[in-house]
Amino acid sequence: DCYNPIARLLQAPNGNFYGTTAQGVTEGHTCGFGCGTVFQMTPTGTVTTLHVFQGPDGYFPEAALIQGSDSNFYGTTSNGGANSNCRLGSCGTVFKISPQSPYTLMMVSLNAAIGSDPTAPLLQATDGNFYGTTPLDGANSGGSIFKLTQSLTLTPVYSFCAQPNCADGSGPQDGLVQSTGLFYGTAFGGGAFGAGTVFSLDVGLGPIVSLSPTNLKFDPQGFDIPNTPQTVTLTNSGGAPLLITSIAITGADGGDFSESNNCPINPTALPPGGHCSITIVFSPTASGTRNADVTITDTAPGSPQMVPLTGIGVGGKVGLK
């Protein structure tokens, strides 16, 4: 049996719900009443167990799952794992599990230097990495913030102080939120009055380019007649100014598209949270499918970024009567 679900469900794009139970399945195990599970529930109520924790891979998952950009589910267990040098003994784990059968689970164990007993959901930040909190241990013994890559590499980001009146707080028990390049969160204790804090943290994410939409498709159009313009919004969702070197139309049929924009070009920077617009016009010079790209060269990871463009040229000119 599975029991004690204490975290909210996650509904994935496939319509199914995913969650954890803090205990269950393997009674009499070193976990006592079972180490917990990851499960799937269909909208009609059919429940399938995807993974049963055994202890070395973690136990007592208290936090909700999140689904990463790679479609895998990510979560934490507050106990278990390979390390036992933490304040409460076992330090806990961070795991990911594949979204389809055979639902393979991979995990990494926390340790006293990074932090222990994670009880909050992870956050996938705009740099693609995952960030979480621990209420215990860390380099200063007052809990921590850690980073997890999609390949499950763990690194410490920030360590809270364990003293009653530490200015930054201690013992963060909830998750983080991101606004541009800053993380925001709460600490249960510490602060000037020993009653906790609300904090922000700059982890140096740098500039990050977000594009919306990520591709453009134009209706069929007669030769040399402009189509209705379409617009791409470029946003700097990172934590540092973005320098744009160039914005250009490239590709096999680049001559069939034109662009104009109001984006700042190096040395003028787009600030964190800033956005600008790129307007595209399609004027085909030949019939058939025409393809090109908007190519943006800048100082953000993944440069150059590209927005695919597709349109269909129709033979002859279209006139009005």
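Residues numbered from 1 in each chain as written. Predicted model: local features only at pLDDT ≥ 70, side-chain atom pairs only at ≥ 80, totals over all residues. Heavy atoms only, no water.

*Asks:* Quick question: what am I supposed to make of the packing of aromatic side chains here?
*Replies:* Geometrically, a pair of aromatic rings is defined through the distance of the ring centres and the angle of the planes. Summed over the entire model, instances satisfying the criterion amount to 9 aromatic pairs. When the centroid spacing of 4.9 Å and the interplanar angle of 25° are considered together, the rings of F257 and F282 count as stacked. Of this pair, F257 sits in strand β23 (residues 257-261) while F282 sits in strand β25 (residues 275-282), placing them 25 residues apart in sequence. Of the residues examined, F257 reaches a relative accessible area of 5% and is grouped as buried. A residue is classified by how much of its surface remains accessible, and F282, at 0% relative accessible area, is buried. (Phe/Tyr/Trp six-rings, centres within 6.5 Å; stacked < 30°, edge-to-face > 60°. Helix = DSSP H or I, 4+ residues; strand = E, 2+ residues; numbered from the N terminus. Buried < 20%, exposed > 50% of the residue type's maximum accessible area, 1.4 Å probe, protein only.)

*Asks:* Help me out: how do you make sense of the sheet that holds strand β14 (residues 154-161) in this one?
*Replies:* The pairing of strands in a sheet comes from backbone hydrogen bonds and takes either a parallel or an antiparallel form. An order of β11-β12-β13-β14 is seen for the 4 strands of this open sheet, with the pairing classed as antiparallel. Each edge of the sheet is formed by a strand with only one pairing partner; in this case those strands are β11 (123-124) and β14. (Pairing = 2+ DSSP bridges.)

*Asks:* Can you help me understand the pairing of strand β18 (residues 209-212) in this one?
*Replies:* Side-chain direction in a regular strand flips from residue to residue, so the side chains alternate between the two faces of the sheet. Of the two faces of β18, the one lined by V209 and L211 is fully buried and the one lined by S210 and S212 carries no buried residue. Of the pairings in the sheet, the one linking β18 to strand β21 (residues 230-236) comprises 4 bridges and is antiparallel in character. Along β21, the bridge assignment pairs L211 with L234.

*Asks:* What exactly am I supposed to notice about the pattern of salt bridges here?
*Replies:* Two side chains that carry opposite charge are able to pair once their charged atoms sit near each other. Counted according to the given criterion, the structure contains 2 salt bridges. Between R290 and D253 there is a salt bridge, with its nearest N and O atoms 3.3 Å apart. On the criterion of sequence distance, the pair formed by R290 in strand β26 (residues 288-298) and D253 in the loop between β22 (242-250) and β23 is long-range, its members being 37 residues apart. The same class applies to R290 and to D253, which are both buried. Close ionic contact of R290 with D256 constitutes a salt bridge, the shortest N to O distance being 2.5 Å. Of this pair, R290 sits in strand β26 while D256 is found in the loop between β22 and β23, placing the two residues 34 residues apart along the sequence. Neither R290 nor D256 differs from the other in exposure class; each is buried. It is possible to trace a salt-bridge network through shared partners that takes in D253, D256 and R290. (Salt bridge = Lys/Arg side-chain N within 4 Å of Asp/Glu carboxyl O.)

*Asks:* Got a minute to help me understand the nonpolar core in this structure?
*Replies:* The nonpolar side chains of a soluble globular protein tend to be buried with one another. Within the largest apolar cluster, 22 residues are counted, with the highest numbers of intra-cluster contacts made by L234, I278, I280, V294 and I296. For this core, the secondary-structure elements that each account for two or more residues are β18, β21, β22, β25, β26 and β27 (305-314). By residue number, the principal contributor to this core is β25, which donates 4 residues. I278 has contacts with Q230, T231, V232, L234, I247, E259, S260, N261, C263, V294 and I296, leaving out every residue within four places of it along the chain. Membership of the second largest hydrophobic core comes to 15 residues, among which are V108, F146, L148 and L154. (Core = buried A, V, L, I, M, F, W, Y, C linked by side-chain atoms within 4.5 Å. Contact = heavy atoms within 4.5 Å.)

*Asks:* I tried to follow the state of the cysteines on my own but got confused; where do I start?
*Replies:* Disulfides are covalent bonds that connect the sulfur atoms of two cysteines. Scanning the entire structure with this criterion turns up 3 disulfides. Through a disulfide, C86 is tied to C91; the S-S separation comes to 1.9 Å. Across the S-S bond linking C86 and C91, the dihedral sits near 105°, which makes this disulfide right-handed. Among the residues examined, C91 registers a relative accessible area of 0% and is labelled buried. In this model C263 forms its disulfide with C276; the gap between the sulfur atoms is 2.0 Å. Between C263 and C276 the sulfur-sulfur dihedral comes to about 90°; the bridge is accordingly right-handed. Placement of C263 in the loop between β23 and β24 (269-270) and of C276 in strand β25 is noted, with a sequence separation of 13 residues between them. (Disulfide = S-S within 2.5 Å.)

*Asks:* Would you mind showing me how to read the sheet that holds strand β15 (residues 177-179) here?
*Replies:* Judged by pairing direction, the sheet is antiparallel, and its 3 strands sit side by side in the order β15-β16-β17 without closing on themselves. What marks the edges here is a single partner per strand, and that holds for β15 and β17 (197-202). Sheet twist, expressed as the mean angle between neighbouring strand axes with direction ignored, is 30°. With 3 bridges connecting them, β15 and strand β16 (residues 182-187) associate as antiparallel partners. In the sheet register, V177 faces β16, and the bridge partner there is Y184. (Axes fitted to C-alpha atoms, helices over the stretch in contact; angles between N-to-C directions.)

*Asks:* Help me understand the pairing of β16, please; the structure alone is not making it clear to me.
*Replies:* Here β16 shows a buried face lined by F183, G185 and A187 and an unburied face lined by L182, Y184 and T186. Counted along the chain from β15 to the antiparallel partner β16, the turn is 2 residues long, and its residue T180 has a positive phi close to 50°. The pairing of β16 with β17 spans 6 bridges and is classified as antiparallel. Residue Y184 lies in a different strand from β17, and its bridge partner there is S200.

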